[in-house]
Amino acid sequence: MPVKVVVGAQWGDEGKGKITDLFSESADVVVRYQGGSNAGHTVCVGSEEFKLHLIPSGILHEHVLSLMGDGTVIDVQCLMDEISGLQARGVSCANLKVSGCAHVIMPYHRLLDGLQEDARGAGSIGTTRRGIGPAYTDKTARMPRPVRMWDLLDEARLKERIEGQLAQKNPILRHVYDHEPLDAGEVFAQVWPAAQRAQQYVCDTRALLMEQVAADKRVVMEGAQGTFLDLDCGTFPFVTSSHPISGGACLGTGIGPTVIDEVFMVAKAYTTRVGAGAFPTENKGAEGDLIRERGREYGTTTGRPRRCGWLDLVVLKTSARINSTTGIALTMLDVLDTFQKLQVCVGYEVGGRTLDMVPSDVDLMEQVKPVYIELPGWQEDIGSCTDFDALPANAKAYVGKIEEVTGVPAKLVSVGKDRDQTIMR
Ligand code: IMP
């Protein structure tokens with residue numbers, strides 16, 4: 001059963017777009033299973049760069065069926081803008097299907113995301129303000145009935161849903177946030193043009209995916225964000241509102257765990273994080289700045305500078321277990337080319353103990369002190385290496401350390417942003 005999951009090992013931005021794109025070449029189906037336009041997946045094809053927020057990276061391969069699963073949340077305007085942008089560059093979206101069960105990010109979700117973040121002040125989560133949290137909140141609340149993609153197929157039903165939602169949201173807007181109430185007719189008018197254009201993409205992706213799996217088609221399940229941004233397994237409350245972990249692939253598509261036979265954990269050769277929350281190996285000095293500049297570590301979605309730091313093997317080891325990882329795709333190794341010495345975190349010290357796994361108690365995670373080992377750098381440009389044996393000995397040793405601590409083979413090593421800058425092992 002050739003079903004592969006691609007999952008982020010850290011706090012997102014690991015380079016999953018490039019890896020999914022590589023796997024897509026030999027896939028029949030690519031399905032995104034959670035998140036929404038908070039993601040930013042960059043894929044380079046020749047001299048062309050594509051930035052995708054919502055649509056699965058598989059879209060760049062015409063033969064691939066690209067699905068957005070039940071667990072995703074869809075900003076319809078953003079979806080249609082992305083489709084138009086791709087079509088304008090000659091990319092066909094004829095093979096794109098969006099789950100009718102996916103919840104729709106409405107204008108009031110984006111508004112509330114911003115108002116909530118502003119109200120949190122210094123205690124803000126640092127969300128992407130794309131309405132993700134409020135849309136998933138409505139999904140879990142269930143009533144009043146939120147808008148799902150199915151509802152976009154029926155004008156009267158969509159109006160009814162919006163009215164029901166605003167009956168609940170307007171008092172909150174007025175009394176909690178001192179904001180003008182929203183008019184249901186205006187909200188409808190804002191979303192209806194894009195909703196009508198999106199109708200052709202709506203279908204039962206769960207049934208479609210089951211058929212594909214039964215026919216032994218090659219399926220790639222694409223996660224967004226990363227393991228430690230998972231609502232349950234991440235550094236709560238500084239997490240996203242969905243399940244980026246490999247288990248989320250089942251939740252967000254409707255297929256069971258035993259059909260999955262490979263889990264690729266995409267891990268950056270160092271660590272980054274956007275937004276607030278624990279980050280034991282964060283480096284606020286010159287080395288962190290150098291990583292940021294060399295790695296172009298600025299958010300694809302928000303443009304925010306990412307927090308940067310050394311590789312944290314405690315994070316990777318924990319991620320390897322959470323995701324039942326069968327292979328690591330190590331990315332951005334070339335970003336480290338310039339360093340004479342590299343720090344790698346192999347444990348956390350806290351309360352007189354040394355931990356080798358991320359504690360699930362996030363308050364403890366906030367207090368840990370990283371235990372580093374120092375590895376020699378290679379100070380050589382590795383961007384043109386296409387064979388693992390051609391890498392400098394110190395680079396191979398760095399990869400070897402990751403494999404030793406996590407117990408998982410690095411089956412793929414990326415040494416640059418282009419498709420051909422990839423070592424397959
Ligand atoms: P939200 O997903 O917009 O609610 O943001 C919640 C947290 O997840 C914030 O810390 C965001 O910076 C982070 N986040 C959301 N999407 C991404 C992503 O694609 N990459 C990295 N961080 C993300």
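These numbers come from a predicted model, not from an experiment. Within each chain, residues carry numbers counting from 1 in the order of the written sequence. Restriction of local features to residues with pLDDT of at least 70 applies here, the model being predicted, together with a cutoff of 80 or more for giving and counting side-chain atom pairs; totals for whole chains, interfaces and linings are based on all residues. Side-chain metrics in this entry use all non-hydrogen atoms of the structure; hydrogen atoms and water are not considered.

Only runs of H or I of at least four residues qualify as helices and only runs of E of at least two qualify as strands under DSSP, and these elements are numbered from the N terminus. When helices and strands are tallied, the chain shows 12 helices and 20 strands. Every radius of gyration here is taken over C-alpha atoms, with the globule rule written as 2.2 Å times N^0.38, N being the number of residues. Computed over its C-alpha atoms, the radius of gyration of the chain comes to 21 Å, within 12% of the 22 Å expected for a compact globule of 425 residues. For the chain, the C-alpha atoms occupy an extent of roughly 65 × 50 × 40 Å along the three principal directions. Looking at the 425 residues of the chain, the share that counts as buried comes to 57%. It only takes one pair of heavy atoms within 4.5 Å for two residues to be counted as in contact. Considering only residue pairs separated by 6 or more positions, the chain has 76% of its internal contacts joining residues 24 or more positions apart. Note on classification: 1.4 Å probe, protein chains only; a residue is buried when its accessible area is under 20% of the maximum for its type, exposed when over 50%, partly exposed between these limits.

To be near a molecule or strand, a residue needs just one of its heavy atoms within 4 Å of it. Around the ligand lies a shell of 15 residues, among which D13, N38, T128, T240 and R304 are the nearest. Contact distances for the ligand include 3.0 Å between a nitrogen atom and a side-chain N or O atom of D13. Polar contacts, as counted here, are pairs of nitrogen or oxygen atoms within 3.5 Å of one another; within protein the pair requires one atom able to donate a hydrogen and one able to accept it, and residues that are adjacent in sequence qualify only if both atoms are side-chain atoms. At 3.1 Å from an oxygen atom of the ligand is found a side-chain nitrogen or oxygen belonging to R304. The accessible surface values rely on the Shrake-Rupley method and a 1.4 Å probe; as for residues, cover is taken only from the protein chains in view. Coverage of the ligand by the protein amounts to 96% of the 470 Å² it exposes when considered alone. Only Asp, Glu, Lys and Arg are considered charged in this grouping, and only Ala, Val, Leu, Ile, Met, Phe, Trp, Tyr, Cys and Pro are considered nonpolar; every other residue, Gly among them, is considered polar. Among the residues forming the shell around the ligand, the class breakdown is 6 nonpolar, 7 polar and 2 charged.

Take the pairing of strand β19 (residues 410-414) next. Counting buried positions along β19 gives 4 out of 5 residues, so the element sits mostly inside the fold. Strand pairing is assigned whenever DSSP detects at least two bridges linking the two strands. As defined by bridge partners, strand β15 (residues 327-331) adjoins β19 across 3 bridges and the pair is classed as parallel. Across the sheet, the residue bridging to A329 is L412, located in β19. Here β19 pairs with strand β20 (residues 422-424) via 3 bridges, running antiparallel. Paired with S414 across the bridge in β20 is T422.

Describing two packed helices takes the angle between their axes plus the distance from one axis to the other. Axis lines are fitted through C-alpha atoms, for helices just across the contact stretch, and the angle between N-to-C directions can take any value from 0 to 180 degrees. In contact at an axis separation of 9 Å, helix α5 (residues 155-175) and helix α6 (residues 184-198) are set at 130° when each is read in the N-to-C sense. Taken together, α5 and α6 sit at an angle that is classed as oblique. With respect to the hand of their crossing, α5 and α6 are arranged in right-handed fashion. Together, E155, L158, K159, I162, E163 and L166 of α5 and A184, V187, F188, V191 and W192 of α6 make up the contact between the two elements. Convention used here: angles under 35 degrees read as roughly parallel, angles over 145 as roughly antiparallel, angles from 65 to 115 as roughly perpendicular, and any remaining angle as oblique. Definitions for this section: a left-handed crossing has its near helix turned counterclockwise from the far helix by less than a right angle. A right-handed crossing has that turn clockwise.

The next point concerns the nonpolar core. Of all hydrophobic cores here, the largest spans 70 residues; its most connected members are L209, M221, L316, L333, Y348, L391 and Y398. When residues of this core are sorted by domain, at least three fall in each of domain 1 (3-100 + 202-263) and domain 3 (269-325 + 333-424). Counting residues in hydrophobic clusters, the runner-up holds 39 residues, among them L96, A102, L166 and A198. To form a nonpolar core, buried Ala, Val, Leu, Ile, Met, Phe, Trp, Tyr and Cys residues must be joined to one another through side-chain atoms within 4.5 Å. Domain ranges listed in this record stem from an automatic or a database domain assignment.

Every second residue of strand β10 (residues 219-222) is oriented toward a common face, with V219 and M221 on one face and V220 and E222 on the other, all of them buried. Pairing analysis gives 4 bridges linking strand β1 (residues 3-8) to β10, with the strands arranged parallel. Its bridge partner lying in β10, V3 is registered against V219. In terms of strand pairing, strand β2 (residues 29-32) meets β10 through 4 bridges, oriented parallel.

Right, let's talk about the sheet that holds β19 for a bit. What the 10 strands build is an open sheet, ordered β9-β7-β5-β2-β10-β1-β11-β15-β19-β20; its pairing is mixed. Both outer strands of the open sheet, β9 (202-203) and β20, are each paired with one neighbouring strand and no more.

What follows is about the domain arrangement of the chain. According to the domain assignment, the chain consists of domain 1 (3-100 + 202-263), domain 2 (103-198) and domain 3 (269-325 + 333-424). Here the C-alpha centre of domain 3 lies 37 Å away from the C-alpha centre of domain 2. Counting from both sides, the interface comprises 6 residues of domain 2 and, opposite them, 5 residues of domain 3. Here the quantity called buried area is the total loss of accessible area, with a 1.4 Å probe, experienced by two parts when brought into contact, counted for both. Approximately 350 Å² of surface area, both sides summed, lies buried where domain 2 meets domain 3, with 46% of it carried by carbon and sulfur atoms. At the boundary of domain 2 and domain 3, one finds 2 residue pairs in polar contact (both at pLDDT 80 or more).

When you line up the elements, P244 lands in the loop between β10 and α8 (246-251). Taking the C-alpha atoms as reference, P244 lies 16 Å from E262; in sequence the two are 18 residues apart. Ignoring any residue separated from it by four or fewer positions in sequence, one finds P244 in contact with V7, Y33, Q34, A224, Q225, G226, L229 and D230.

Before going further, it helps to spend a moment on the packing of helix α3 (residues 107-120) against helix α4 (residues 132-141). Between α3 and α4, the shortest axis-to-axis distance is 7 Å and the interhelical angle comes to 115°. In terms of axis orientation, α3 runs roughly perpendicular to α4. The two elements α3 and α4 cross, and the hand of that crossing is right-handed. Residues Y108, H109, L112, D113 and Q116 of α3 lie in contact with α4, whose contacting residues are I132, P134, A135 and D138. Taken together, the residues that form the contact of α3 with α4 break down as 5 nonpolar, 2 polar and 2 charged.

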